[in-house]
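Single-letter residue listing:
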Amino acid sequence: MSLENTWLGDGKKRALELVTSTELEHGIRCKVKQRAVVRWSKQDSFTRQVLWTLLRDVKFGEAVSYKQLADLAGNSKAARAVGGAMRSNPIPIIIPCHRVIRSGGQSGNYGGGHVLKEWLLSHEKLQKEKLAP
C-alpha cells in the first residue's frame, strides 16, 4: 500500500507528503512543525490530555478502545470526546491515533481512511511480533 496519496488530519483533505526516515530523524520540516504547534496550542485541555495519554501509554503494536483511553485520561464517561480528540490530532504521524479502536474490536474511523488504519494496525502488530524474543 502506498502512503503517498494518503489523507490525514481532522477529516479535511490534506495531502501528506511522504516523509522519509531520514527526515524524521532530523525533525519534521519547519512549516509542519509550526502548524502542529499552533494547532496543538489551540486544543482544549481534555484533548491535550487524551493525546498525551495516547502518546505516552499506548505502545507500538498495541490498541486501546475509545472508552479505555477515556479512562486512562481521567474521565471514564468521555469516550465520544476521545473520538473528537482523535479527529483534532494535529500530528497523526507522531501521535498514533490509529491505535484507538471501538470497544467491540472494530477499527472505527480514521482520517486517513479505514484501509490505512487497518494496514497500520496490522503492520505494527507484525513488526512487534518480529521483535519479540
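Preceding block: the structure.
Presented here is an overview of the structure given in this document.

Things to note about the overall build of the chain
A count of helical and extended segments in the chain gives 6 helices and 4 strands. Considering only residue pairs separated by 6 or more positions, the chain has 57% of its internal contacts joining residues 24 or more positions apart.

Overview of the pattern of salt bridges
What the rule picks out here adds up to 4 salt bridges. With a shortest N-O distance of 3.8 Å, Lys-128 and Glu-62 are connected by a salt bridge. A residue pair is termed long-range when its members are at least 10 positions apart, and Lys-128 in helix H6 (residues 114-131) and Glu-62 in the loop between helix H3 (45-57) and strand E3 (64-65) qualify at 66 residues. For Lys-128, a relative accessible area of 37% corresponds to the partly exposed category. Overall, the relative accessible area of 31% leaves Glu-62 in the partly exposed class. Among the ionic pairs, Asp-71 bridges to Lys-67, the shortest N-O distance being 3.7 Å. Placement of both Asp-71 and Lys-67 in helix H4 (residues 66-72) is noted, with a separation of 4 residues, approximately one turn of the helix.

Looking at the nonpolar core
Judged by nonpolar contacts, the single largest core of 19 residues is most densely connected at Val-50, Leu-54, Val-64, Leu-69, Val-82, Met-86 and Val-100. Contributing elements (two or more residues each) for this core: H3, H4, helix H5 (79-87) and H6. Excluding residues that lie within four positions of it along the chain, Met-86 makes contacts with Val-50, Leu-51, Leu-54, Tyr-66, Leu-69, Cys-97 and Val-100.

Parameters and conventions
- Residues numbered from 1 in each chain as written.
- Predicted model: local features only at pLDDT ≥ 70, side-chain atom pairs only at ≥ 80, totals over all residues.
- Heavy atoms only, no water.
- Helix = DSSP H or I, 4+ residues; strand = E, 2+ residues; numbered from the N terminus.
- Contact = heavy atoms within 4.5 Å.
- Salt bridge = Lys/Arg side-chain N within 4 Å of Asp/Glu carboxyl O.
- Buried < 20%, exposed > 50% of the residue type's maximum accessible area, 1.4 Å probe, protein only.
- Core = buried A, V, L, I, M, F, W, Y, C linked by side-chain atoms within 4.5 Å.

Any functional reading would require information beyond the geometric quantities listed.
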